[in-house]
Every structure is written in C-alpha cells, then in structure tokens.
Amino acid sequence: MFVSGFKQSTSNRTLDQQCTVTRPGLSPIASALAVELLVNLLHHPRRIYAEGEIASSSVTESSEQPLGILPHQIRGSISQFSQMTLVGYSSSTCTACCPTVVSEYRERGMEFLLQAINHPTYLEDLTGLTELKKSTNFADMGWDSEEEILDDDDVPYIES
C-alpha cells in the first residue's frame, strides 16, 4: 500500500507557524486558559517581567507562586484530551520582541511606532530579517519563493 499526503502541520508549532485552520469550538477553552494566564500574570510579583515556567515532570514539585506555573503557551489536543505547556525564547530577528526592537521603542517611542506603521519593511530591515531572507537561497532547498495554491487534485489519498 502506498500512502501519499501532507505532513502534520499543527504538531508542536505555535499558532503563527500553523497552516491549518483550528476548530472553532476551541474558542471557549482557549479564552478560559487565556484568562487564567492573565490572572496568574497579574498576581505574579514580577508581573510582565515574570519568567516563563513549564510543568515539571515530577508531580510533587510545584511552582513557588500561589497560582501555579506561568507558561508562555499552552498547546492542547482535543482528540487526545491533552495539554502541554511551552516556554518560548525570542529570536534575534523577531520583529516584536528582539532587543533591537525593544531598544528602538524605548529610545524613540511614538516616532518609532509611526515609522513601523508607515513603512512596511522597516521592522524587517531593523532586525536583519531582510538580509536573512536575501541570503536564503530557496532554489537550493527545492522550494518555490511563493506558496503553491493547491487544487482538488492535490488532496492526499491512499492507493492500494
């Protein structure tokens, strides 16, 4: 039997990295978890500067905080009725939180925001993402520079 199909596009990826639409019925669960994370953050002594924590493998260990751990993300699977907590770290080219962007915002404030809003490539240029994109040769990787649009003939199937 020959199996042909796409790879799992949602396993262990953040929402911005997923290319599959998630179930709309998850919104009540997601919003409840978001509220719990916000309340935990507001009650943490360091507030928005709190370090991310994940659940330990030992059931007996617990967070020093009264409301428990403070992960950066909670990923869940409805089909397996499971959740995992993740901590993420900023990339040196992140257009939202890398030290270069944070420093520019602190130094220039509203002027920085206006430039980022009015010049679409400003943040990419500032963080080095533009140069990174230019240095990447997609032809060597076998990728097209633009995503292909799939039609009905490209749906995965099983042959026997």
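Quick word on the side chain of H44
- Tracing the backbone through its elements, the reader meets H44 in the loop between α1 (27–43) and β2 (73–77).
- Here the side chain of H44 touches R46 through a polar contact of 3.0 Å, landing on its backbone nitrogen.
- Among all residues touching H44, those that are not within four sequence positions of it are A50, Q65 and L70.

As for the packing of aromatic side chains
- In the structure shown here, the tally under the stated rule is two aromatic pairs.
- Summarising the aromatic geometry, the rings of Y105 and F112 are spaced 6.4 Å apart at their centres and angled 65° between planes, so their arrangement reads as edge-to-face.
- Under the relative-accessibility criterion, Y105 is labelled partly exposed at 43%.
- Residue classification places F112 among the buried residues on the basis of a relative accessible area of 4%.
- Relative to Y122, the ring of F112 has its centre 5.9 Å away and its plane inclined at 65°; by these criteria the two rings are edge-to-face.

What to know about a nonpolar patch on the surface
- Nonpolar side chains collect at one region of the surface, where Y105, M110, L113, L114 and I117 lie side by side and expose about 520 Å² of accessible area between them.
- Structurally, I117 is set in helix α3 (residues 110–118).

A word on the environment of S92
- Within the secondary structure, S92 sits in the loop between β3 (82–86) and α2 (99–108).
- The exposure class assigned to S92 is exposed, which follows from its relative accessible area of 56%.
- Once residues lying within four places of it in the same chain are set aside, the contact partners of S92 are C98 and T127.

Re the pairing of β2
- As paired strands, β2 and β3 are joined by five bridges and run antiparallel to one another. Note on β3: the bridge partner recorded for G76 is Q83.
- Here β2 folds back onto β3 in antiparallel fashion, the turn holding four residues, of which F81 has a positive phi close to 50°.

What about the pattern of salt bridges?
- Here the structure, examined in full by the defined rule, presents five salt bridges.
- A salt bridge links E111 to R108, with the nearest nitrogen and oxygen atoms 3.4 Å apart.
- Judged by relative accessible area, which is 52%, E111 ranks as exposed.
- Taking relative accessible area as the criterion, R108 reaches 23% and is therefore assigned partly exposed.
- We note a salt bridge from K134 to E131, for which the minimum N-O separation is 3.9 Å.

Considering the side chain of T130
- Mapped onto the elements, T130 comes out in helix α5 (residues 129–135).
- A distance of 2.5 Å separates a polar atom in the side chain of T130 from a polar atom in the side chain of D125.
- In contact with T130, other than residues within four places in its own chain, are T121, E124 and D125.

Each value, and the rule that gives it
Residues numbered from 1 in each chain as written. Predicted model: local features only at pLDDT ≥ 70, side-chain atom pairs only at ≥ 80, totals over all residues. Heavy atoms only, no water. Helix = DSSP H or I, 4+ residues; strand = E, 2+ residues; numbered from the N terminus. Polar contact = N/O pair within 3.5 Å; in protein donor to acceptor, adjacent residues only side chain to side chain. Contact = heavy atoms within 4.5 Å. Phe/Tyr/Trp six-rings, centres within 6.5 Å; stacked < 30°, edge-to-face > 60°. Buried < 20%, exposed > 50% of the residue type's maximum accessible area, 1.4 Å probe, protein only. Patch = residues over 30% accessible without salt bridge, like charges linked within 9 Å, V, L, I, M, F, W, Y side chains within 5 Å. Areas by Shrake-Rupley, 256 points an atom, 1.4 Å probe, with all protein chains shown as cover. Salt bridge = Lys/Arg side-chain N within 4 Å of Asp/Glu carboxyl O. Pairing = 2+ DSSP bridges.

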